[in-house]
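Okay, here's what each chain looks like letter by letter:
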Amino acid sequence: MSARKTVKAALAGLALTLSVALVVSGCGASNGSGGSSASGQSDQPIMVNNVEPASGLIPSDTNDTAGWKVVTQIFEGLVTFGKGGKVVDAGAQSITPNDDASQYTIKLRPGLKFSNGERITADTYAKSWSFAANAANGMMGASIFSTIAGYDALQNEKGDPHAQLSGLHALDDNTLQVDINGHDSSFGYKVGDVAFLPMPSSAYGDIKAFGEHPVGNGPYKLAGWTHDREIRLTPNPSYNGPRKPANKGVTFKLYTNVDTAYADLEGGNLDVLDAIPNSALTSFRTDNAIKAYDEPGPAFKSFTIPQNLKHFTGEEGRLRREAISLSIDRKDITTKVLHGTASVATDFTAPTITGHTKSLKGASAIGYDPQRAKELWEQADAIAPFDGSFRLAYSADSGFKPWVEAVVNSIKNTLSINASAYAMPTQKEFSGAIHNRTINAAFVQGLQSDYPHPEGYLVQAYDSSAADGKGLNNGDYKSQEFDALIDQAAAQPSLKTSVATYHQAEETLLRDLPVIPLWYANVAAGSAKGVGHVSFNYMGLPEYEKLTK
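Residues numbered from 1 in each chain as written. Predicted model: local features only at pLDDT ≥ 70, side-chain atom pairs only at ≥ 80, totals over all residues. Heavy atoms only, no water.

What the chain contains, in helices and strands, is 13 helices and 17 strands. Here the chain has a C-alpha radius of gyration of 22 Å; the compact-globule value for 549 residues is 24 Å, and the two agree. In terms of overall dimensions, the chain has a C-alpha envelope of 70 × 60 × 40 Å along the principal axes. Across the 549 residues in the chain, those meeting the buried criterion constitute 61%. Carbon and sulfur atoms provide 48% of the accessible area of the chain, an area that totals close to 19500 Å². Separation of charge centres in the chain, based on 47 positive and 57 negative side chains, amounts to 3 Å. (Helix = DSSP H or I, 4+ residues; strand = E, 2+ residues; numbered from the N terminus. Rg over C-alpha atoms; globule rule 2.2 N^0.38 Å. Buried < 20%, exposed > 50% of the residue type's maximum accessible area, 1.4 Å probe, protein only. Areas by Shrake-Rupley, 256 points an atom, 1.4 Å probe, with all protein chains shown as cover. Lys, Arg positive; Asp, Glu negative; His and termini not counted. Charge placed at Lys NZ, Arg CZ, Asp CG, Glu CD.)

Attention now moves to the packing of aromatic side chains. Applying the stated criterion across every chain, the model contains 24 aromatic pairs. The interplanar angle of 80° and the centroid separation of 4.9 Å between the aromatic rings of Trp129 and Phe196 together place this pair among those described as edge-to-face. Residue Trp129 is located in helix 2 (residues 122-133), and its partner Phe196 is located in the loop between helix 3 (187-190) and helix 4 (207-212); the two are separated by 67 residues in the primary sequence. Since its relative accessible area comes to 0%, Trp129 is described here as buried. Aromatic side chains Phe300 and Phe348 sit 6.0 Å apart centroid to centroid with 45° between the ring planes, which places their arrangement in the tilted category. A residue pair is termed long-range when its members are at least 10 positions apart, and Phe300 in strand 12 (residues 290-304) and Phe348 in the loop between strand 13 (342-344) and helix 8 (370-383) qualify at 48 residues. Each member of the pair, Phe300 together with Phe348, is buried. Every member of this aromatic cluster is reached through a ring pair, and the members are Tyr104, Tyr125, Trp129, Phe145, Phe187 and Phe196. Over the ring of Tyr422 we find Arg391, and its NZ or CZ is 4.2 Å from the ring centre. (Phe/Tyr/Trp six-rings, centres within 6.5 Å; stacked < 30°, edge-to-face > 60°. Lys NZ or Arg CZ within 6 Å of the ring centre and 35° of its normal.)

Okay, the side chain of Ser465 next. Mapped onto the fold, Ser465 is located in the loop between helix 11 (454-462) and helix 12 (480-490). Within the structure, Ser465 has its side chain in polar contact with the side chain of Asp463 (distance 2.3 Å). (Polar contact = N/O pair within 3.5 Å; in protein donor to acceptor, adjacent residues only side chain to side chain.)

This next bit is on the pairing of strand 8 (residues 220-226). Direction of pairing for strand 8 relative to strand 9 (residues 230-235): antiparallel, over a ladder of six bridges. Across the sheet, the residue bridging to Thr226 is Glu230, located in strand 9. Taken together, strand 8 and the strand that follows it, strand 9, pair antiparallel across an intervening segment of three residues, in which Asp228 is found at a positive phi of about 65°. (Pairing = 2+ DSSP bridges.)

Turning our attention to the environment of Gly432. With respect to the element layout, Gly432 can be found in helix 10 (residues 427-435). Considered as a pair, Gly432 and Thr349 are 83 residues apart in the sequence and their alpha carbons are 25 Å apart.

So, about the sheet that holds strand 4 (residues 92-97). Strand order across the open sheet formed by four strands is 4-5-7-6, with antiparallel pairing between neighbours. Taken across any chain shown, the strands that pair with only one partner, and hence form the sheet edges, are strand 4 and strand 6 (168-172). Taking each pair of neighbouring strands and ignoring which way they run, the sheet shows an average axis angle of 20°. Both strand 4 and strand 5 (residues 103-108) contribute to a ladder of five bridges, which runs antiparallel. Note that in strand 5 the partner of Pro97 across the bridge is Tyr104. (Axes fitted to C-alpha atoms, helices over the stretch in contact; angles between N-to-C directions.)

Attention shifts here to unusual backbone geometry. Residue Asp228 is not a glycine yet carries a positive backbone phi of 65°. Mapped onto the elements, Asp228 comes out in the loop between strand 8 and strand 9. Overall, the relative accessible area of 58% leaves Asp228 in the exposed class. Non-glycine residue His311 carries a positive phi angle of around 75°.

Before going further, it helps to examine the nonpolar core. The biggest cluster of nonpolar side chains holds 77 residues, and the ones touching the most others in it are Phe303, Ile324, Phe390, Trp403, Ile411 and Tyr462. The residues touching Trp403, leaving out its near neighbours within four places in the chain, are Lys301, Ile333, Val337, Leu338, Val444, Leu518 and Trp519. In this structure, Phe75, Phe187, Leu197 and Val272 belong to the second largest nonpolar core, which totals 65 residues. (Core = buried A, V, L, I, M, F, W, Y, C linked by side-chain atoms within 4.5 Å. Contact = heavy atoms within 4.5 Å.)

Along the polypeptide, Glu118 turns up in the loop between strand 5 and helix 2. By relative accessible area, Glu118 is classed as partly exposed at 24%. In this structure Glu118 touches Leu112, Lys113, Pro200 and Ser201, once residues within four positions along its chain are discounted.

In the structure shown here, the tally under the stated rule is 22 salt bridges. Here Asp123 and Lys127 are joined by a salt bridge, their closest N and O atoms 3.4 Å apart. One end of the pair is Asp123 and the other is Lys127, both in helix 2 and four residues apart, which spans about a single turn. The exposure class assigned to Asp123 is partly exposed, which follows from its relative accessible area of 35%. Measuring nitrogen to oxygen at the nearest pair gives 2.9 Å for the salt bridge that ties Asp184 to Lys190. No difference in accessibility class separates Asp184 from Lys190, as the two residues are buried. (Salt bridge = Lys/Arg side-chain N within 4 Å of Asp/Glu carboxyl O.)

Here the focus is the environment of Leu415. Tracing the backbone shows Leu415 in helix 9 (residues 401-415). Taking the C-alpha atoms as reference, Leu415 lies 28 Å from Lys478; in sequence the two are 63 residues apart. With sequence-adjacent residues up to four places away left out, Leu415 is seen in contact with Ala323, Ile324, Ser327, Ala373, Lys374 and Trp377.

Another aspect to go through is the packing of helix 11 against helix 13 (residues 495-512). Where helix 11 contacts helix 13, the two axes come as close as 10 Å, and the packing angle between them is 35°. Considering how the two elements wind past one another, helix 11 and helix 13 form a crossing that is left-handed. Contacts from Pro454, Glu455, Leu458 and Tyr462 in helix 11 reach Leu495, Tyr502, Glu506 and Leu509 in helix 13. Residue composition of the contact of helix 11 with helix 13, by class: six nonpolar, no polar and two charged. (Left-handed = near helix turned anticlockwise from the far one by under 90°. Nonpolar A, V, L, I, M, F, W, Y, C, P; charged D, E, K, R; others polar.)

Written as C-alpha cells, this is what we have:
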C-alpha cells in the first residue's frame, strides 16, 4: 500500500467545519443568584456561550467548534494537551512507536469506565475507531484514520458497517497495537483529535439517537439538551482523569446573536463569552462590567473557493484565486474592523504551534497588491470572461458579518466586479450546505487543530484523502504534489525534522490557493467578574473544568 494513504490530520473536529473555528472563549462569573457550598463554591453551573451544534454529539461526526466544545467535555481520549502543546496522558498510560513509526503500542490506564459503568478496554478503542473510519457509517471525521492499516478496505459507502480496521489489534484488555500504512510520526499527537474519542457499545445500535443522549467517559455528563436553547452538563462522579471539574457543572447557552450574548455577560446572565462582537471590539478591554482577555490564539481564518465553482477551475481559476487574494487589504481590516484582535496570516497554520513561519516562498500571493490583482483578473478574463457575481458565504449567528462585508468590499472595489456577502441563518444550515456541497459560493472557513501539530492544520484541510466529505477539505482540493510532501513529512522521525517538508507543502498551497488565508484570530474573550481560574487550552478555548465562581 502506498504511503499516500498514510496521513490525515485533524481539526476535524474541529474543527472547523471551520467554518467553524471561531474566536476563542473566555469565562466568567454569574449574576450571583443561587447559593454556595460549604467550601464557598457556588452551587450554580458556570454559564458559557455557544451556538447550536451542527450535528449530534458524536465524537467522530463532530467537525464544528460548537460541537467540539461539548463533546470534549463528555468524552476523554488517550491524550490531551497542556500549555505549549505538551502531550498529557489521559486514558493512555503510554503510546510507544517502533523505530520507524510504522507501528504503535498503546497501553491504557487500568480501570477506565464510561459513566454508565461499562469498562473501557483496548477493544473499545478498536471498535470506536473502526466505526469512525468505515465509510458505510458516514462519519465526517473518517479521513483522520487513513494512517491506520485497513482504512482503504473500509471506504465503500455500501459496505459492511461493522467491518473493522485490520491494523488494530487488542492484545489484551489494556494493550492496543496499531499498524500504520507506511509511517506516521505524528500519530502520538493525532490520537488527541476528537474523532479518536471512545464510544460505549450502546452507541452502535442507533448512532443518531446516541448523538442526542451520549454516554461518555469525560469530566462531565450530559444532563439535558434543549435544542436552540441550552446544553447542560454535570460533573461525572466516576471520572478520575487529569481534568477533574472544580465546579458544579457547565451550561452552554445557545445564541444566534453574539451581541445578545455580550449583553448577557455585562448584565450578569452569562459567565463566559468566547467571541466578542464587532460592536464591542473597541471597548471590551476597558469595559468595567467584565474582565477581558486578548492574547495570541490558534485560530487560522480563511475562506474556501470550491474547486468546481464556475470560473475557478483550471488555469482560469488559478489566476482568479490569486487575484482575489491580492485584492484584500488584510491589514486594514484587522486594524479598522477587528480592532487589533487578529494578525495578518503569513502561512496556513497558527502562531501558537511549532512550525509556524513568516518566510514561505511565494508568500506575496497573500499580500495586498491591487494593480497585480487587476492584471491577473484580466488574464483570467482572456481565458473566459467573468459573469455573474462573487459570493462569500457565512453564518449569520457567527458574528462575522462586519469583516465578511469588509473583505467583499475590498474585492469588489479592487477588481470592479459584483461581489457580495451571502448570509445563511445559522451555523447548522451553513455547515450542512458545505458538507452537502450545495452552497455554490465561496465560504468562510477557519481551523483550530484538535492537536498542536502542523499536520493538524495541513492534512485534514488540504490532503486529497480529506476531500469528498471525509474531512475538512471542503473545497475538494486534490494535489499529488501536496500529498507527496505530506507523506514525506509523516515519515520523518520527529516534528523537528519534518518542519522543512511541511513548509514545502505550504508553498504548494500558496501557488494553488485552495483557500484564501486571511488572519490569525486572537483569543478575544470576556468573563464576568468573580470567576476564578480562567485559562485557555491549546484550542484557545476556556478550560471549562477549571472555572470557579
